[in-house]
Amino acid sequence: MSTAERPVAVVTGAARGIGAAVAAALARAGYDLVLGDVPSPGAVEGLGYPLATAHDLASVEKTCGGLGARTTALPCDVRSPSDVTRLVDAAGGGRLVAAVAVAGIIGAEGPAWEQTPDDLDRDLSVNLHGVANLARAAVPRLIRAPHGRGRFVAVVSSAGERGLPRLASYVAAKHAALGYVRALAADLGPSGVTANAVLPGSTATALLDRTADIYRLSGAGELARHQRLNRLLDPAEIASAVVWLCSDGASGITGAAVNVDGGFTG
């Protein structure tokens, strides 16, 4: 397949964890890529852990290039509509067929009644508005993709369907993101563009390490006991579901919540 014929996917939150795994899996599947992530580990104030670095993003860009994908990586704060629009613009002409929203944070901890409006806004700004900003920028282009080919996928969380202690702002934002994707699917309707969510369970990422800290656990591995598989998931397992939802084989699926959670919600 020539470069001019290769489909293009945009991925946010691509510098590490699930986002990096999604980028690599799409590269293996024959996509060219535009990858975005925050410009610095302190880009979101008030977090109890560092975000990815520019070096992380450059490393993923190099990996995907080595897999045969023509790859562009840009700093992108998904809270900023202009940043997200610039990311989508980098996809160029008419080859954009997939937009994958992976960027996410855990912004606050503690009992629900103690979490402040600022706490809620912080989680919503990334976990909901980040998804909506990508849809706003990408969907008009996805609609112009060959009929039935456009794909929008959001990586949400099993917290989008469950209540979790000490994470009210995160849970609320993830429920909102899932609702947004379902409404997006309804609006897209006969355009042929699908919109779906992937809901990971406990996956070996920096975000899960933060969750373990919040629950005062000795390590993230303790969270595996809540999943029927009794192990943590690998980011590549989540990425496989994302790539499938971006494929022609998933053309009949829209508005779905695909649980890749080791049986946590089963």
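Q: Would you mind going over helix α7 (residues 206-214) in detail, with residue names and values included?
A: Of the residues making up α7, those classed as buried are Leu208, Arg210, Thr211, Ala212 and Ile214. Two residues or fewer past α7, Arg216 is found with a positive phi of approximately 55 degrees.

Q: Let's hear about the pattern of salt bridges: which residues, and what values?
A: Tallied over the entire structure, the rule returns 13 salt bridges. The closest approach of N and O atoms between Arg95 and Asp32, which form a salt bridge, is 3.1 Å. Remark: Asp32 occurs in strand β2 (residues 32-37) and Arg95 occurs in the loop between α3 (81-89) and β4 (96-101); sequence separation between them is 63 residues. A residue is classified by how much of its surface remains accessible, and Arg95, at 23% relative accessible area, is partly exposed. Exposure remark for Asp32: the relative accessible area of 3% places this residue in the buried category. One salt bridge in this structure joins Asp119 and Arg122, with 3.3 Å as the shortest N-O distance. Linking Asp119 with Arg122, this pair stays in helix α4 (residues 117-127), spanning three residues, or about one helical turn.

Q: An account of the sheet that holds β2 is requested, with residue identities and associated values reported.
A: Reading across from one edge, β3-β2-β1-β4-β5-β6-β7 is the order of the seven strands in this open sheet, with parallel pairing throughout. Strand pairing shows two members of the sheet lacking a second neighbour, β3 (71-75) and β7 (257-260), which therefore form its edges. Each strand of the sheet is rotated relative to its neighbour by a mean of 15 degrees, with strand direction disregarded. Across four bridges, strand β6 (residues 194-200) lies against β7 in parallel orientation. When the sheet's bridge partners are listed, Ala197 is paired in β7 with Ala257. Where helix α5 (residues 129-143) meets the sheet, its contacts fall on β1 (8-12), β4 and β5 (151-155), and the angle it forms with β4 comes to roughly 170 degrees. Where helix α8 (residues 235-245) meets the sheet, its contacts fall on β4, β5, β6 and β7, and the angle it forms with β6 comes to roughly 170 degrees.

Q: Can you tell me about helix α2 (residues 54-66), naming the residues and giving the values?
A: The end-to-end C-alpha distance of α2 is 18 Å, a good match for the 18 Å that 13 residues give at a rise of 1.5 Å each. All of the buried residues along α2 are Leu57, Val60 and Cys64. Projected down its long axis, α2 carries its buried residues within an arc of 60 degrees, all on one side. Among the exposed residues of α2, those oriented more than 90 degrees off its buried face are Ala54, His55, Lys62 and Gly66. Buried residues belonging to α2 abut α1 (17-28), β2 and β3.

Q: With reference to specific residues and values, describe the packing of aromatic side chains.
A: Evaluation of the coordinates by the stated rule reveals zero aromatic pairs. Geometry around Phe264 places Arg162 over its ring, the cationic atom sitting 5.1 Å from the centre.

Q: An account of the pairing of β3 is requested, with residue identities and associated values reported.
A: Across five bridges, the pairing between β2 and β3 is parallel. Directly across from Gly36, in β3, lies its bridge partner Leu74. Since β2 and β3 lie parallel, the crossover through α2 that links them has a hand, and here it is right-handed.

Reading the values: rules and limits
- Residues numbered from 1 in each chain as written.
- Predicted model: local features only at pLDDT ≥ 70, side-chain atom pairs only at ≥ 80, totals over all residues.
- Heavy atoms only, no water.
- Buried < 20%, exposed > 50% of the residue type's maximum accessible area, 1.4 Å probe, protein only.
- Helix = DSSP H or I, 4+ residues; strand = E, 2+ residues; numbered from the N terminus.
- Salt bridge = Lys/Arg side-chain N within 4 Å of Asp/Glu carboxyl O.
- Pairing = 2+ DSSP bridges.
- Axes fitted to C-alpha atoms, helices over the stretch in contact; angles between N-to-C directions.
- Contact = heavy atoms within 4.5 Å.
- Expected span 1.5 Å × (residues − 1).
- Arc of directions from axis to C-beta.
- Phe/Tyr/Trp six-rings, centres within 6.5 Å; stacked < 30°, edge-to-face > 60°.
- Lys NZ or Arg CZ within 6 Å of the ring centre and 35° of its normal.
- Right-handed = clockwise from strand over helix to strand, strands pointing away.

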